[in-house]
Amino acid sequence: MDKNILFDVHGHPQFPVYDGDRDAVIRRAQEAGVKMIAVGTQFSTSRAAIDLSRQYPEDVWAAVGYHPGHSNENSHHDKKEQRETGQELFDIGQFRKLAGDEKVVAIGECGLDYFRLPDNFDADKFKKNQEKVFQEQFNLALDLKKPLMVHCRPSNKTQDSYLDLMDLVGKASLDLPVILHFYAGLPEITKKFVDRGFYFTFGGVITFSDDYNESIESIPVERIMLETDCPYVAPKSRRGKRNEPAFVVEVAQKMAKLKKLPLDSLIEKLRENVNGVFKIF
């Protein structure tokens, strides 16, 4: 594999928003030296991730999971996606069938999301529903010995979902790679996750916000990977536009500066991290 290859380990190029030009998006990633993991957020988008990985077997791999934003009735993490794909009830049996595919390299995204609480909700019930759905996917990852791709978003100015995640996962990360996607934890909780062996992904937000710098500085480069979370949160040079996997290059450039490493050295280390976690090559 080319030593200059970058991995976007968390994006959604299978989403309907790319239906009009998906081939061009993948081609731009190829030209930029970027390979990717297409991450599912419910059954339909997980199955679509596998389909895309089969269409581009040298460039795309898949993760299958059920986003915590879907776990409660009348909630959905992305209203546009809901209109295009419909909202689906969680069925672990469906995901178990998908997860056995050889192109599936992780379970997720799954986790806890307390950021947008619905009106007139029972907070304890809301959280318990998310915990139950997460636990079933966590157990599936343990059964299949595949990494766990976690979405964990706290409520405003708290670390509540991270603390709950710590309790739920316990020390299992020592036996199973657990990746905290779009990580936004404060330094004190970051140290606890580092000590327990978690991995962390960062995307375009680090190119236009300094809020993540202190945590990034405290995380060993051996635990860091990069993402786009496309189509969301494009990097600084394309702020407000649809994100895509090729744009992870800009994230790598900023990460190299934050970690005070030559870009080539960072890319080599990132590739080692991806291989160690996902066994892609």
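Quick summary incoming for the structure in this document. (Residues numbered from 1 in each chain as written. Predicted model: local features only at pLDDT ≥ 70, side-chain atom pairs only at ≥ 80, totals over all residues. Heavy atoms only, no water.)

**Points about the side chain of Glu88**
Consideration 1: Along the chain, Glu88 turns up in the loop between α3 (79-85) and α4 (92-99).
Consideration 2: Here Glu88 sits buried without a salt bridge, and the closest side chain of opposite charge, Arg47, lies 6.2 Å off (N-O distance).
Consideration 3: Within the local environment of Glu88, its side chain forms a polar contact with the backbone nitrogen of Phe43, the two atoms lying 2.9 Å apart.
Consideration 4: Looking at Glu88, its side chain comes within polar contact range of the side chain of Ser44, at 2.7 Å.
Consideration 5: Among all residues touching Glu88, those that are not within four sequence positions of it are Gln42, Phe43, Ser44 and Tyr66. (Helix = DSSP H or I, 4+ residues; strand = E, 2+ residues; numbered from the N terminus. Buried < 20%, exposed > 50% of the residue type's maximum accessible area, 1.4 Å probe, protein only. Lys, Arg positive; Asp, Glu negative; His and termini not counted. Salt bridge = Lys/Arg side-chain N within 4 Å of Asp/Glu carboxyl O. Polar contact = N/O pair within 3.5 Å; in protein donor to acceptor, adjacent residues only side chain to side chain. Contact = heavy atoms within 4.5 Å.)

**Here's the deal with the sheet that holds strand β3 (residues 60-64)**
Consideration 1: Reading across from one edge, β1-β2-β3-β4-β5-β6-β7-β8 is the order of the eight strands in this open sheet, with parallel pairing throughout. Across the chains shown, the open sheet's two edge strands, defined by having one partner strand only, are β1 (6-11) and β8 (224-226). Neighbour to neighbour, the strand axes of the sheet diverge by 30° on average, direction disregarded.
Consideration 2: Here three bridges tie strand β7 (residues 199-202) to β8, and the two strands are oriented parallel to one another. Across the sheet, the residue bridging to Phe200 is Ile224, located in β8.
Consideration 3: Along the sheet, helix α5 (residues 123-144) contacts β4 (104-113) and β5 (148-153); its crossing angle with β4, the most-contacted strand, is approximately 165°.
Consideration 4: Lying on the sheet, helix α6 (residues 160-169) is in contact with β4, β5 and β6 (178-181); it crosses β5 at an angle near 145°. (Pairing = 2+ DSSP bridges. Axes fitted to C-alpha atoms, helices over the stretch in contact; angles between N-to-C directions.)

**What to know about the nonpolar core**
Nonpolar side chains tend to gather and get buried jointly when the protein is soluble and globular.
Consideration 1: Counting residues in each nonpolar core, the largest one holds 62 residues, and the members touching the most others are Leu148, Leu165, Phe193, Phe200, Phe202, Ile206 and Leu226.
Consideration 2: The element that contributes the greatest number of residues to this core is helix α9 (residues 248-258), accounting for six residues.
Consideration 3: The residues touching Leu165, leaving out its near neighbours within four places in the chain, are Leu112, Phe134, Val150, Cys152, Gly170, Leu180 and Phe193.
Consideration 4: Grouped together as the second largest cluster of nonpolar side chains are 17 residues, Phe7, Tyr199, Val274 and Ile280 included. (Core = buried A, V, L, I, M, F, W, Y, C linked by side-chain atoms within 4.5 Å.)

**Quick notes on helix α10 (residues 263-278)**
Consideration 1: Along its 16 residues, α10 runs 22 Å from first to last C-alpha, staying within 8% of the 22 Å computed at 1.5 Å per residue.
Consideration 2: Listed as buried for α10 are Leu266, Ile267, Leu270, Arg271, Asn273, Val274, Val277 and Phe278. Down the axis, α10 shows its buried residues gathered within 160° of arc, on one side only.
Consideration 3: Where α10 ends, the next residue or the one after it, Lys279, has phi of about 55°, a positive value. (Expected span 1.5 Å × (residues − 1). Arc of directions from axis to C-beta.)

**Focus on the pairing of β5**
Taken residue by residue, a regular strand's side chains alternate between the two faces of the sheet.
Consideration 1: Burial of β5 is extensive: five of the six residues sit out of reach of the surface.
Consideration 2: Pairing of β4 with β5, which is carried by five bridges, proceeds in the parallel orientation. By the bridge assignment, Leu112 is partnered in β5 with Cys152.

**A word on the pairing of strand β2 (residues 34-39)**
Consideration 1: Counting buried positions over the six residues of β2 gives six, a clear majority of the element.
Consideration 2: Burial along β2 is two-sided: Val34, Met36 and Ala38 and Lys35, Ile37 and Val39, pointing in opposite directions, are all buried.
Consideration 3: Here four bridges tie β1 to β2, and the two strands are oriented parallel to one another. Residue pairing across strands places Gly11 opposite Ala38, the latter belonging to β2.
Consideration 4: What joins β1 to β2 is helix α1 (residues 22-31), and the crossover it makes is right-handed.
Consideration 5: Relative to β3, β2 is paired through four bridges, and the arrangement is parallel. If you follow Ile37 over to β3, its bridge partner there is Trp61.
Consideration 6: As a crossover connection, the stretch from β2 through helix α2 (residues 43-55) into β3 is right-handed. (Right-handed = clockwise from strand over helix to strand, strands pointing away.)

**Topic: the packing of aromatic side chains**
Two measures describe an aromatic ring pair: the distance that separates the ring centres and the angle between the ring planes.
Consideration 1: All told, the structure shown has 13 aromatic pairs when counted by the stated rule.
Consideration 2: Judged by centre distance (6.2 Å) and plane angle (80°), the rings of Phe43 and Phe95 are edge-to-face. With Phe43 in helix α2 and Phe95 in helix α4, this residue pair connects regions lying 52 residues apart in the sequence.
Consideration 3: Relative accessible area serves as the criterion here: at 2%, Phe95 is assigned to the buried category. (Phe/Tyr/Trp six-rings, centres within 6.5 Å; stacked < 30°, edge-to-face > 60°.)

**Brief notes about α5**
Consideration 1: In this model α5 runs 32 Å from its N-terminal to its C-terminal C-alpha over 22 residues, within 8% of the 32 Å that 1.5 Å per residue would give.
Consideration 2: Taken together, the buried positions of α5 are occupied by Phe126, Gln130, Glu131, Val133, Phe134, Gln137, Phe138, Leu140 and Ala141.
Consideration 3: Looking at the packing, one finds that the buried side of α5 touches α4, β4, β5 and α6.
Consideration 4: Phi turns positive, to about 55°, at Lys145, one or two residues after α5.

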